[in-house]
Amino acid sequence: MNITVIIATKNRYHDLHKCLNSLLEQTRLPQKIVIVDASEPFHTLEEFETRCRKKKIELLQIKSKPGLTLQRNIGIEHASTEIVSFFDDDVILHKEYLQSIVEIFEADSGKRIGGVTGKILNQTDFHPLSILLRKIFLLPEPSKGEVKP
């Protein structure tokens, strides 16, 4: 199974570079990375174009207006694989993340799984104001990446 990774970004080149580095270190590489970029000014990712080419990954960077939904829809228009993964530009993936995703879909012989997510491990500190607002609006506490019912 092939994977397209879509990353929407805006003015966060340092985070995006860390995210792309983690993608290029995966045990199972994506076939395509689509970066939909609403940054001003717009910067090309020449360093990553060269590295992706060496690993036979197609890297596509598209200039866009801002808006997460708009940017993700633009990315989907350029996806051509069985699996499409969306990542925020500040995500750092575990080295076996994409391999694990592929294994889950390959093991689903009944084709009952429509989507898969993973645990967020790198978010450990929560702003006190965020916790206070959650309490005021009766929202659950941040849970270090665990999906709650």
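A. Here's a closer look at the pairing of strand β1 (residues 3-9). The element β1 is extensively covered by neighbouring structure, given that seven of its seven residues are classed as buried. Side chains of β1 alternate between two faces, with I3, V5, I7 and T9 and T4, I6 and A8 buried alike. Of the pairings in the sheet, the one linking β1 to strand β4 (residues 83-88) comprises six bridges and is parallel in character. Looking across to β4, one finds that A8 is bridged to D88.

B. Quick look at the sheet that holds strand β3 (residues 58-63). With parallel pairing, four strands are arranged side by side in an open sheet as β3-β2-β1-β4. Taken across any chain shown, the strands that pair with only one partner, and hence form the sheet edges, are β3 and β4. The average undirected angle you get between the axes of adjacent strands in this sheet is 20 degrees. Packing against the sheet, helix α3 (residues 68-77) makes contact with β1, β2 (32-37), β3 and β4, and its axis sits at approximately 150 degrees to β1. Across the sheet, helix α4 (residues 97-107) touches β1 and β4, and the angle it forms with β4 is around 145 degrees.

C. Structural detail: α3. Of the positions making up α3, those classed as buried are Q71, I74 and G75. Taken down its axis, α3 places every buried residue within 100 degrees of arc, on the same side. Across α3 from its buried face, at more than 90 degrees, point the exposed residues T69 and E77. On the buried face of α3, the contacting elements are β1, β2 and β3.

D. Seen up close, unusual backbone geometry. The step from E40 to P41 runs through a cis peptide bond, and the omega angle for that step is -5 degrees. Phi at K111 takes a positive value of approximately 55 degrees, unusual for a residue other than glycine. You can see K111 is positioned in the loop between α4 and α5 (128-136). The exposed category is assigned to K111, whose relative accessible area is 62%.

Criteria and thresholds
- Here the residue numbers are simple positions, counted from 1 along each chain's written sequence.
- In keeping with the predicted nature of the model, local features appear solely for residues at pLDDT of at least 70, side-chain atom pairs appear and are counted solely at 80 or more, and the whole-chain, interface and lining totals rest on all residues.
- For side-chain calculations, the full set of non-hydrogen atoms in the structure is used, while hydrogens and water are omitted.
- Type-normalised accessible area, obtained with a 1.4 Å probe on protein chains alone, sets the label of each residue: buried when under 20%, exposed when over 50%, and partly exposed for intermediate values.
- Put simply, DSSP H or I for four residues or longer makes a helix, DSSP E for two residues or longer makes a strand, and each gets a number counted from the N terminus.
- Any two strands with at least two DSSP bridges between them are considered paired.
- A fitted line through C-alpha atoms represents every axis, and for helices the fit uses only the stretch in contact; the resulting angles, taken between N-to-C directions, go from 0 to 180 degrees.
- The contact definition used throughout considers only heavy atoms, calling two residues in contact when any of these lie within 4.5 Å.
- This arc is taken over the directions from the axis of the helix to the C-beta atoms.

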